[in-house]
Amino acid sequence: MVGEEITHLSRRGKYIGIHTSKGTLIVHLGMSGSLYFVPAETPPLFHDHVDFQFADGGLWLRYTDPRRFGAILWTTEDWQQHELIKHLGPEPLSDAFNVDMLFARAKGRKVPIKTFIMDSKVVVGVGNIYANEALFKAGIRPDRLAGGISKARLARLVECIKVVLAAAIKQGGTTLKDFVGGDGKPGYFKQELAVYGRAEKPCLVCGMALKEIRQAQRSTVFCTNCQS
Ligand SMILES: [Zn+2]
């Protein structure tokens, strides 16, 4: 990228595209990576791995990643066709994520609905917290098999996923441990979680104790009364 000008930025799933006229740098932040600006010549600390130095100013873009699960890749091809990206499902807030698409993909699938909507080949961006919340809002049990859910109920689920994600984005994401947004501030969505992290606490709708199970090694919390 030396000498190249960044023409634009884009995103697909969890992948950030930094584009130049010659190609695209694909960045995945992993579990704990972040990109932020530092004053030029700031010495790197132990977890700082990459600096992007700009010709025109006093700031460098720094990539830091304490747990080193992130990745930075360069491609001169169409980045949407990259092996890591071309199999991804639609963006959840786009029109491409709709009930017709979800119903067709769910047909005959004997996988729990929660695991199904967290599969990035089905739809990207529905992480564990948001899957829990969307299923609660939609009144669907997380352990119900994807292929056995009616189209009307899937339509409700699609709507709830969009509402939950849009609300979380508006509040800058969900802060659990050390997450901060690009502005250095924590996310505030945690204050609105109805089920995630609330096992054994009363359901906000009916008051019954919420139940916790494990699905695909992830915590699932739901209301056995409100969700069926
Ligand atoms: Zn309930």
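Residues numbered from 1 in each chain as written. Predicted model: local features only at pLDDT ≥ 70, side-chain atom pairs only at ≥ 80, totals over all residues. Heavy atoms only, no water.

**Student:** Could you clarify how one ought to interpret the packing of aromatic side chains in this entry?
**Tutor:** For any two aromatic rings, the description comes down to two numbers: the centre-to-centre distance and the angle of the planes. This structure, assessed with the given rule, holds one aromatic pair. Consider the rings of Phe37 and Phe54, whose centres lie 6.4 Å apart with planes at 45 degrees: the pair is tilted. Separated by 17 residues along the polypeptide, Phe37 in strand β4 (residues 34-39) and Phe54 in the loop between β5 (48-53) and β6 (59-64) bring together distant segments of the chain. (Phe/Tyr/Trp six-rings, centres within 6.5 Å; stacked < 30°, edge-to-face > 60°. Helix = DSSP H or I, 4+ residues; strand = E, 2+ residues; numbered from the N terminus.)

**Student:** Looking at this structure, I do not really get the environment of Gly127. What am I missing?
**Tutor:** Assignment of secondary structure puts Gly127 in the loop between α2 (113-117) and α3 (128-138). Here Gly127 falls in the partly exposed class, since its relative accessible area comes to 28%. Spatially, the C-alpha atoms of Gly127 and Thr220 are 12 Å apart, while their sequence positions differ by 93 residues. (Buried < 20%, exposed > 50% of the residue type's maximum accessible area, 1.4 Å probe, protein only.)

**Student:** Looking at this structure, how should I read the coordination of the zinc ion?
**Tutor:** As a benchmark, a tetrahedral metal site with four donors has ideal angles of 109.5 degrees, while an octahedral site with six donors has ideal angles of 90 or 180 degrees. Surrounding the zinc ion are the protein donor atoms Cys203 (SG), Cys206 (SG), Cys223 (SG) and Cys226 (SG), at 2.2 to 2.4 Å. Taken together, the four donor atoms coordinating the zinc ion span angles of 100 to 113 degrees at the metal, a pattern that classifies the geometry as tetrahedral. Sequence spacing of the donors to the zinc ion: C-x2-C-x16-C-x2-C. With Cys206 in the loop between α4 (151-170) and β8 (211-215) and Cys223 in the segment after β9 (218-222), this residue pair connects regions lying 17 residues apart in the sequence. (Donors = N, O, S within 2.8 Å, 3.2 Å for Na, K, Ca; no water. Tetrahedral: all angles 85-135°; square planar, octahedral: opposite > 155°, others 65-115°.)

**Student:** Looking at this structure, how should I read the sheet that holds strand β1 (residues 6-12)?
**Tutor:** Backbone-to-backbone hydrogen bonds join strands into a sheet, with any given pair of strands oriented parallel or antiparallel. Strand order in the open sheet formed by four strands is β1-β2-β3-β7, with antiparallel pairing between adjacent strands. Strands at the two margins of the open sheet, each flanked by one partner only, are β1 and β7 (71-75). With strand direction ignored, the average angle separating the axes of adjacent strands in the sheet is 20 degrees. Looking at chain direction, strand β3 (residues 24-28) and β7 are connected through five bridges and run antiparallel. When the bridges of β7 are listed, Ile26 appears paired with Leu73. (Pairing = 2+ DSSP bridges. Axes fitted to C-alpha atoms, helices over the stretch in contact; angles between N-to-C directions.)

**Student:** What is the right way to read the layout of surface pockets from this model?
**Tutor:** Leftover empty space is mapped by rolling, across the atoms, a probe with the size of a water molecule. By volume, the second largest pocket is sized at about 300 Å³. Around the second largest pocket, the lining residues are Met1, Val2, Gly3, Glu4, Glu5, Ile6, Thr20, Phe52, Gln53, Phe54 and Ala55. In the lining of the second largest pocket, the residues fall into six nonpolar, three polar and two charged. (1 Å grid on protein atoms, 1.4 Å probe; cavity = no way out; pocket = protein on both sides within 12 Å on 5 of 7 lines; lining within 4 Å. Points joined across faces, edges and corners; volume = space filled by probe spheres on them. Nonpolar A, V, L, I, M, F, W, Y, C, P; charged D, E, K, R; others polar.)

**Student:** What am I meant to see in the domain arrangement of the protein here?
**Tutor:** When the parts come together, some accessible area is lost, and that loss is often what is quoted as the size of the interface. For the protein, the assigned domains read domain 1 (6-81) and domain 2 (99-222). Between domain 1 and domain 2, the C-alpha centre-to-centre distance is 29 Å. (Domains from an automatic or database assignment.)

**Student:** Help me understand the environment of Ile72 in this model?
**Tutor:** Take Ile72: it is sitting in strand β7. With relative accessibility at 31%, the residue Ile72 sits in the partly exposed group.

**Student:** What's the story with the packing of helix α1 (residues 99-106) against α4 in this structure? I'm lost.
**Tutor:** When two helices pack together, their arrangement is given by the angle between the helix axes and by the axis-to-axis distance. Axis separation between α1 and α4 bottoms out at 9 Å; the angle between their running directions is 120 degrees. In terms of their interaxial angle, α1 and α4 are classed as oblique. As for how α1 packs across α4, the hand of that crossing is right-handed. Contacts from Val99, Asp100, Leu102, Phe103 and Ala106 in α1 reach Lys151, Leu154, Ala155 and Val158 in α4. Of the residues that constitute the contact of α1 with α4, the class distribution is seven nonpolar, no polar and two charged. (Parallel < 35°, antiparallel > 145°, perpendicular 65-115°, else oblique. Left-handed = near helix turned anticlockwise from the far one by under 90°. Contact = heavy atoms within 4.5 Å.)

**Student:** What should I look at first to understand unusual backbone geometry in this one?
**Tutor:** Working note: non-glycine residues mostly have negative phi, and peptide bonds are mostly trans. A positive phi angle, near 70 degrees, is found at Glu41, a position not held by glycine. When you line up the elements, Glu41 lands in the loop between β4 and β5. The backbone of Glu200 shows a phi angle near 75 degrees, a positive value even though the residue is not glycine. Here Glu200 lies in the loop between α4 and β8.

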